[in-house]
Amino acid sequence: MVVDRYSLVAISIPSDTMERWDGKVAVVTGASSGIGRAIAHTLVTHGITVVGIGRNYAALKKVADHCRGKKGKFYPKAIDINNELQVVALFHRINMKLGGVYILINCAGVFVDSGLIDGKPAAWGAVLQAQLLGLSICSREAVRSMKRFQHEGTIININSAAGHSIPLQPHASYAHCRQTRSHCPD
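Let me sum up the structure you'll find in this document. (Residues numbered from 1 in each chain as written. Predicted model: local features only at pLDDT ≥ 70, side-chain atom pairs only at ≥ 80, totals over all residues. Heavy atoms only, no water.)

Quick look at the pattern of salt bridges now. This model, assessed by the stated rule, comprises seven salt bridges. A salt bridge links Lys61 to Asp65; the shortest N-O distance between them is 3.0 Å. You can see Lys61 and its partner Asp65 sitting in helix 3 (residues 57-67), four residues apart, about one turn around the helix. Lys61 sits in the partly exposed class, given a relative accessible area of 32%. Ionic pairing is found between Glu84 and Arg140, a salt bridge with its closest N-O pair at 2.8 Å. Here Arg140 lies in helix 5 (residues 121-148) and Glu84 lies in helix 4 (residues 84-98), a separation of 56 residues in the sequence. (Salt bridge = Lys/Arg side-chain N within 4 Å of Asp/Glu carboxyl O. Helix = DSSP H or I, 4+ residues; strand = E, 2+ residues; numbered from the N terminus. Buried < 20%, exposed > 50% of the residue type's maximum accessible area, 1.4 Å probe, protein only.)

Written out as structure tokens, the structure reads:
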């Protein structure tokens, strides 16, 4: 088990499993905080080149600073995953400079203070944009990259603990969206 003290998240990854990915390229959305940050740091520690995506460049830069000197590399990229042009351009750069993607980990999430009963559709839309549309755009581009370079890769969609129930209080739309993502068929 690897304990990432940087973000206080324990991630259990057998070392022989990680050897397969040594030197490969991973894209991690939501890499500036929480689960995404912990995963990005752990992957870099195991020798994976991580392109960390988030909207907050300063937070991504802190992750990059913390990853300095590890076996892999971390490249911070501040983009909005809901912006198709930005996502397509980023994956194009990854393809040209790093030789394509092997791993995509979708961790990006948006919290809005909007309950299910009293919530506003505009607030729910912000959640759905990041957690369904952004995830889909990134997944499409990762698959295109994997196919182009004939990489046998993987896509992992992360579900937070909020997705295990649908509260009627604020953040209900976030929880519902996370639950929906966790139950989508392959």
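The next subject is unusual backbone geometry. The backbone of Gln150 shows a phi angle near 55 degrees, a positive value even though the residue is not glycine. With respect to the helices, strands and loops of the structure, Gln150 is situated in the loop between helix 5 and strand 7 (154-157). When its relative accessible area of 73% is taken as the criterion, Gln150 is described as exposed.

Burial analysis of strand 3 (residues 25-29) places five of its five residues in the buried class, the great majority of the element. Alternating residues of strand 3 divide into Val25, Val27 and Thr29 and Ala26 and Val28, and every residue in both groups is buried. Here strand 3 runs beside strand 4 (residues 49-54); their pairing, made up of five bridges, is parallel. Considered in strand 4, the bridge of Ala26 is made with Val50. Following the chain from strand 3 across helix 2 (residues 34-45) to the adjacent parallel strand 4, one finds a crossover that is right-handed. With three bridges connecting them, strand 3 and strand 6 (residues 103-106) associate as parallel partners. (Pairing = 2+ DSSP bridges. Right-handed = clockwise from strand over helix to strand, strands pointing away.)

The next subject is the sheet that holds strand 7. The strand order 5-4-3-6-7 describes an open sheet built from five strands, whose pairing is parallel. Edge positions in the open sheet fall to strand 5 (74-78) and strand 7, since each of these has one partner strand only. With strand direction ignored, the average angle separating the axes of adjacent strands in the sheet is 15 degrees. Sheet topology note: the strand 4/strand 5 ladder contains five bridges and is parallel. Bridging from a neighbouring strand, Gly52 pairs with Pro76 of strand 5. On top of the sheet, helix 2 reaches strand 3, strand 4, strand 5 and strand 6; it is set at about 165 degrees to strand 3, its chief contact. Packing of helix 4 onto the sheet brings it into contact with strand 3, strand 4 and strand 5, and relative to strand 4 it is tilted by some 165 degrees. (Axes fitted to C-alpha atoms, helices over the stretch in contact; angles between N-to-C directions. Contact = heavy atoms within 4.5 Å.)

It is worth spelling out the nonpolar core at this point. Counting 21 residues, the largest nonpolar core has Leu43, Ile48, Val50, Phe74, Ile103 and Ile105 as the members making the most contacts within it. Of all the secondary structure elements, the ones that give two or more residues to this core are strand 3, helix 2, helix 3 and strand 6. The contact partners of Ile105, leaving out residues within four places of it in the chain, are Val27, Val28, Thr29, Ile39, Leu43, Ile156 and Ile158. One finds Ile53, Ile79, Leu104 and Met146 within the second-largest nonpolar core, a separate group that totals 17 residues. (Core = buried A, V, L, I, M, F, W, Y, C linked by side-chain atoms within 4.5 Å.)

Its relative accessible area of 39% is what places Glu84 among the partly exposed residues. Counting along the chain gives 50 residues from Glu84 to Gly134, while the straight-line C-alpha distance between them is 8.0 Å. Other than its neighbours up to four places away in sequence, Glu84 contacts Ile137 and Arg140.

So, about the side chain of Thr29. Residue position: Thr29 is located in strand 3. In this structure Thr29 comes out as buried when scored by relative accessible area, which is 1%. Thr29 has contacts with Gly36, Ile53, Ile81, Leu104, Ile105, Asn106, Cys107, Ala108 and Cys138, leaving out every residue within four places of it along the chain.

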